[in-house]
Amino acid sequence: ESEVGDGHNGVGELLEEISVTVTPASREQALDIFRAKTPLGVAVVWDGEPGRSAIRAIIAASGTSATAPGPRQCWSIAVDHLLEKAHSEALSTSTHVVMHDARNAMRGLLAMGIDITQLSYDTAIAAYLVDSGSGAYDVATVASRWLHLRIAGDGTTASGQLDFDTPIQDSL
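Residues numbered from 1 in each chain as written. Predicted model: local features only at pLDDT ≥ 70, side-chain atom pairs only at ≥ 80, totals over all residues. Heavy atoms only, no water.

## Looking at the packing of helix α1 (residues 27-35) against helix α3 (residues 85-92)
Two elements in contact, α1 and α3, have axes separated by 8 Å at closest approach and are oriented at 20 degrees. If you check the angle between α1 and α3, you find them roughly parallel. The two elements α1 and α3 meet at a crossing, and its hand is left-handed. Along its contact with α1, which presents Arg27, Ala30, Leu31, Phe34 and Arg35, the element α3 presents Ala86, His87, Ala90 and Leu91. Tallied by class, residues from the contact of α1 with α3 come to six nonpolar, one polar and two charged. (Axes fitted to C-alpha atoms, helices over the stretch in contact; angles between N-to-C directions. Helix = DSSP H or I, 4+ residues; strand = E, 2+ residues; numbered from the N terminus. Parallel < 35°, antiparallel > 145°, perpendicular 65-115°, else oblique. Left-handed = near helix turned anticlockwise from the far one by under 90°. Contact = heavy atoms within 4.5 Å. Nonpolar A, V, L, I, M, F, W, Y, C, P; charged D, E, K, R; others polar.)

Put into structure tokens, the structure is as follows:
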């Protein structure tokens, strides 16, 4: 038996599988994404340990792409774009930023001179506050438990798809 609002229906529900399509963003597209007045989802691609290694790129989703039917459309924004003044300023002043485990992402971005000042939501913190006893707050577990979604990616993901299970070196 499950409690109301615990993300499970108590009957071994089937999870909807989602895929994430990632497209490299041009300099102009990156600026448009950062300057949009819609929620901005940001994830960081690391060279190694999250929060303690260099950032290789960020993955961004803006507007309704996160809830649209079909594959979720995201943009890969190269680190050289982030280092340009216009881009770093636009990202620093983006409003309604949403991240998972923002502490590590913000630490890495701050090391690059990008100070996210408008963090609206950290899904890892939200998951902890709702269920501090679970001990598992990675993005795949949170998506499964609370959204009833399974993120596609088992090493066989087609080119152009974000694979959360493959080491960074193999996915870019």
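## A word on the sheet that holds strand β7 (residues 119-122)
Within the open sheet, the six strands sit side by side as β2-β5-β4-β3-β6-β7. Their pairing is mixed. Looking along the sheet, the strands with just one partner apiece sit at the ends: β2 (20-24) and β7. Neighbouring strand axes in the sheet, compared pairwise and without regard to direction, differ in orientation by 30 degrees on average. Running at roughly 50 degrees to β7, helix α5 (residues 123-130) makes contact with β6 (97-99) and β7 of the sheet. (Pairing = 2+ DSSP bridges.)

## Side note on a nonpolar patch on the surface
Among the surface-exposed residues, Ile125, Tyr128 and Leu129 lie close enough to one another that they form a single nonpolar patch of about 330 Å² accessible area. Tracing the sequence through the fold places isoleucine 125 in helix α5. (Patch = residues over 30% accessible without salt bridge, like charges linked within 9 Å, V, L, I, M, F, W, Y side chains within 5 Å. Areas by Shrake-Rupley, 256 points an atom, 1.4 Å probe, with all protein chains shown as cover. Salt bridge = Lys/Arg side-chain N within 4 Å of Asp/Glu carboxyl O.)

## Considerations on the nonpolar core
Core analysis: the largest hydrophobic core is formed by 23 residues, its most contacted members being Phe34, Leu40, Ile58, Ile77, Leu91, Met99 and Leu109. Residue assignment for this core shows that the elements contributing at least two residues are α1, β3 (40-46), β4 (55-62), α3, β6 and α4 (102-111). Among residues more than four places away in sequence, those in contact with isoleucine 58 are Phe34, Val42, Ala43, Val44, Trp75, Ser76, Ile77, Leu82, Leu91 and Leu109. Core analysis: the next-biggest nonpolar cluster, separate from the first, contains seven residues, Val20, Ala57, Ile59 and Cys74 among them. (Core = buried A, V, L, I, M, F, W, Y, C linked by side-chain atoms within 4.5 Å. Buried < 20%, exposed > 50% of the residue type's maximum accessible area, 1.4 Å probe, protein only.)

## Observations concerning the pattern of salt bridges
With the rule as written, the count across this model stands at five salt bridges. Among the ionic pairs, aspartate 47 bridges to arginine 56, the shortest N-O distance being 3.3 Å. Since its relative accessible area comes to 28%, arginine 56 is described here as partly exposed. For aspartate 131, the salt bridge is made with arginine 145, and the minimal N-O distance between the two is 3.2 Å.

## Focus on empty space enclosed by the protein
On inspection of all chains with the given rule, the structure shows one cavity of 30 Å³ or more. Approximately 40 Å³ is the volume found for the largest cavity. Around the largest cavity, the lining residues are Ala127, Asp131, Ser134, Ala136, Tyr137, Thr141, Val142, Arg145 and Trp146. Along the lines of polarity and charge, the residues of the lining of the largest cavity split into five nonpolar, two polar and two charged. (1 Å grid on protein atoms, 1.4 Å probe; cavity = no way out; pocket = protein on both sides within 12 Å on 5 of 7 lines; lining within 4 Å. Points joined across faces, edges and corners; volume = space filled by probe spheres on them.)

## Some points on α4
Within the sequence span of α4, burial applies to Ala102, Asn104, Ala105, Gly108 and Leu109. Angular distribution of buried residues about the axis of α4 spans 165 degrees; they occupy a single face of the element. Looking at α4, the residues exposed on the side facing more than 90 degrees away from the buried face are Arg103 and Ala111. Considering only its buried residues, α4 is in contact with β3, β4, α3, β6 and β7. Of the residues trailing α4, glycine 113 is marked for its positive phi of about 90 degrees. (Arc of directions from axis to C-beta.)

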